[in-house]
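Listed here are the chains, written in short residue letters.
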Amino acid sequence: MHTVPDQPALSRLFRMQWEEAQGNYVLLYPEGMVKLSQSAAEILKRCDGARTVPAIVGELEQAFNCGGLRDDVDDFQLSFQDSTRELNDFLSSTKTFDLKARVARLIKQYAYPMVLNVVLHRFNLDHVERIIDMALEMGVEYLELANTQYYGWALVNRDQLMPTREQVAHAEIVVNACRARIGNKMRILFVVPDYFEARPKACMNGWGGVFLGIAPDGTALPCHAARTLPGIDFPNVRDTRVKDIWYDSDAFNRYRGDAWMKDPCRTCDDKAKDFGGCRCQAYALTGDAANADPVCAKSARHGDVQAIVMHAQRTQQDAVWQPAQPIVFRKNPQK
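### Comments concerning the overall build of the chain
Line of reasoning, step 1. The helix and strand tally for the chain stands at 14 helices and nine strands.
Line of reasoning, step 2. For 335 residues, the compact-globule estimate of 2.2 N^0.38 gives 20 Å, and the chain sits close to it at 22 Å.
Line of reasoning, step 3. Principal-axis analysis of the C-alpha atoms places the extent of the chain at approximately 65 × 55 × 45 Å.
Line of reasoning, step 4. Counting all 335 residues of the chain, 41% fall into the buried class.

### A word on a nonpolar patch on the surface
Line of reasoning, step 1. Together, Trp153, Val156 and Val328 give the surface a local cluster of nonpolar side chains, amounting to about 250 Å² of exposed area.
Line of reasoning, step 2. Mapped onto the elements of the fold, Trp153 is located in helix H7 (residues 152-156).

### Some points on the packing of aromatic side chains
Line of reasoning, step 1. In this structure the tally under the stated criterion is eight aromatic pairs.
Line of reasoning, step 2. The interplanar angle of 85 degrees and the centroid separation of 5.7 Å between the aromatic rings of Phe90 and Phe329 together place this pair among those described as edge-to-face. Linking Phe90 in helix H4 (residues 85-92) with Phe329 in the segment after helix H14 (302-318), this pair joins segments that are 239 residues apart in sequence.
Line of reasoning, step 3. Given a relative accessible area of 42%, Phe90 falls into the partly exposed group.
Line of reasoning, step 4. Under the relative-accessibility criterion, Phe329 is labelled partly exposed at 26%.
Line of reasoning, step 5. Ring-pair connections join several aromatic residues into one group, and the members of that group are Trp207, Tyr255 and Trp260.
Line of reasoning, step 6. One residue, Lys100, lies across the ring of Phe80, its end atom 6.0 Å from the ring centre.

### A look at the sheet that holds strand S7 (residues 187-191)
Line of reasoning, step 1. What the four strands build is an open sheet, ordered S4-S5-S6-S7; its pairing is parallel. Looking along the sheet, the strands with just one partner apiece sit at the ends: strand S4 (76-80) and S7. When strand polarity is set aside, the average angle formed by the axes of neighbouring strands in this sheet is 20 degrees.
Line of reasoning, step 2. In the sheet, strand S5 (residues 114-120) pairs with strand S6 (residues 142-147) via six bridges, with the strands oriented parallel. Residue Val118 lies in a different strand from S6, and its bridge partner there is Leu145.

Parameters at a glance
Residues numbered from 1 in each chain as written. Predicted model: local features only at pLDDT ≥ 70, side-chain atom pairs only at ≥ 80, totals over all residues. Heavy atoms only, no water. Helix = DSSP H or I, 4+ residues; strand = E, 2+ residues; numbered from the N terminus. Rg over C-alpha atoms; globule rule 2.2 N^0.38 Å. Buried < 20%, exposed > 50% of the residue type's maximum accessible area, 1.4 Å probe, protein only. Patch = residues over 30% accessible without salt bridge, like charges linked within 9 Å, V, L, I, M, F, W, Y side chains within 5 Å. Areas by Shrake-Rupley, 256 points an atom, 1.4 Å probe, with all protein chains shown as cover. Salt bridge = Lys/Arg side-chain N within 4 Å of Asp/Glu carboxyl O. Phe/Tyr/Trp six-rings, centres within 6.5 Å; stacked < 30°, edge-to-face > 60°. Lys NZ or Arg CZ within 6 Å of the ring centre and 35° of its normal. Pairing = 2+ DSSP bridges. Axes fitted to C-alpha atoms, helices over the stretch in contact; angles between N-to-C directions.

Shape descriptors only; they carry no functional weight alone.
Right, here's the structure in full:
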């Protein structure tokens, strides 16, 4: 079994360096490159084979004038794309399966709880039991099996990624059987795709309800995909107090509450439960973020969602004898 040394050091196959073109530290490895966040770079700078983990933590606390870093870490979240190296590396367009497996061992070596996230879709839904067994073997405490929600690059590849209803239904049966088999060893969350529902999710528990995310450039966002919406000037924590962002900014108040709602949301008995669904999805599918999320059966555009699901089903059936459209990957021109 792989063990982690008390004095961690980068493998000789890895090299960390400052990349002037990107204005960032990067980690080079045989199959590619990973752009590092500032905190990751500060940690790896100190992994020299001489410092112990407590010494590294102590230096970081002193450098950043803070204490209790070890206690501040509740858990680590790690993502895989599949239980097999081949599909994981294909779907991520990187060769990272082995690297992620090593990170998982590191997390457990230092007795941290681990959350594992696997995004599900047409290509890996049928592997869900193997994914669960992989997570068990890694010692994962919480496994999130999140079916793809179609924003960003997933929306670009929707026809290629969307599963059939039968795939989703069978996967849910398998997950429930695994829950019964493993008991309390690991908690499993199975998130059904929005497009297969008749009622929308309470996205982010309502816009500006409980969530405030800060992007690497300092932009404050009421949800991860909020920048897909046009006409909103999102504030930045570099020049605006978080309190002012939360309570007073137009961005966080734009879809807060229900005054912005149109029918059928405005008169719906469930508006305080689902908040009209997802604003980003409403915009992506209808062109107006203030419309009802068309996932909802009460939306006048719900038929569009049903047609998309049926089209995906036909695409899978046709793929038996027609060449499948390739997946479109995001490209990094600086990589």
